[in-house]
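Given next are the chains, with one letter for each unit.
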Amino acid sequence: LYGILVTPKVASIFFMQTCTKCLTLKDKTEFSTGKTMCKPCNVKAVTETNRTERGLLLKIYNNQVGTCKRTGRHLPTYTREELIEWAYLNQFKSLYDDWVDSDYSKWKSPSVDRINNLESYSLSNIQLVTWRANLDNLRLQNISGEFLNSKSKSVIQMTLDGDFIATHL
């Protein structure tokens, strides 16, 4: 079989694509499979969406669903729209405005924290906090032993002679 001679102009048809956002002709490796927007433009678009009030709340809800599926817990007992309504009744706008004023500091990002981490997400078991407060709450509950995820194990401390000292959760 004889090879086919491919000129640069012909090759560009097969290996190049124009981004629908920045309108730049780029190599196809700059695009995710099936996408018409290049990867940098897509990241920017997703970031812009996640920085809107509704986009952030949808991201929070989707993260909750993903966490429940990953950990084998029951899915949230509320819908996306119910979470959005609940958030606005619970000072979401104030937390959101503080986050925007902080130039989108990750520590000040609004977050939904479960009050009791042993229970699933329900409107009676969640509170609005900053991302920093949510992380601090989880750390405190892990240290105190109030919440251990399925991968956590207690540690038994022994002397070198095999005598029991203590159990750490």
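Residues numbered from 1 in each chain as written. Predicted model: local features only at pLDDT ≥ 70, side-chain atom pairs only at ≥ 80, totals over all residues. Heavy atoms only, no water.

Engineer: Which residues make up the packing of helix H3 (residues 53-71) against helix H5 (residues 92-101), and what values do they have?
Structural biologist: Each pair of packed helices can be described by the angle between their axes along with the distance between the axes. Between H3 and H5, whose axes approach to 11 Å, the crossing angle comes to 105°. Regarding the angle of H3 to H5, the classification is roughly perpendicular. Contacts from Glu53, Leu56 and Leu57 of H3 reach H5 at Phe92, Lys93, Tyr96 and Trp99. A class-by-class count of the residues in the contact of H3 with H5 yields five nonpolar, no polar and two charged. (Axes fitted to C-alpha atoms, helices over the stretch in contact; angles between N-to-C directions. Helix = DSSP H or I, 4+ residues; strand = E, 2+ residues; numbered from the N terminus. Parallel < 35°, antiparallel > 145°, perpendicular 65-115°, else oblique. Contact = heavy atoms within 4.5 Å. Nonpolar A, V, L, I, M, F, W, Y, C, P; charged D, E, K, R; others polar.)

Engineer: I'd like to hear about the packing of H3 against helix H4 (residues 80-89), residue by residue, with values.
Structural biologist: Axis separation between H3 and H4 bottoms out at 10 Å; the angle between their running directions is 120°. Classified by the angle between their axes, H3 and H4 sit oblique to one another. Pair H3 / H4 crosses with right-handed handedness. From H3, Glu53, Arg54, Leu57, Leu58, Ile60, Tyr61, Asn62 and Gln64 reach across to H4, where they touch Arg80, Glu81, Leu83, Ile84, Ala87 and Tyr88. Class assignment of the residues belonging to the contact of H3 with H4 gives a composition of eight nonpolar, two polar and four charged. (Left-handed = near helix turned anticlockwise from the far one by under 90°.)

Engineer: Report on the nonpolar core, specifying residues and quantitative values.
Structural biologist: Leu83, Trp86, Phe92, Val112, Ile126 and Leu128 are the most contacted members of the largest nonpolar core, which totals 19 residues. Elements supplying a minimum of two residues to this core: H3, H4, H5 and strand E4 (126-130). Ranked by residues supplied to this core, first place goes to H3 with six residues. Residues within four places of Ile126 in sequence aside, it is in contact with Tyr78, Leu83, Trp86, Val112, Asp113, Arg114, Ile115 and Tyr121. (Core = buried A, V, L, I, M, F, W, Y, C linked by side-chain atoms within 4.5 Å. Buried < 20%, exposed > 50% of the residue type's maximum accessible area, 1.4 Å probe, protein only.)

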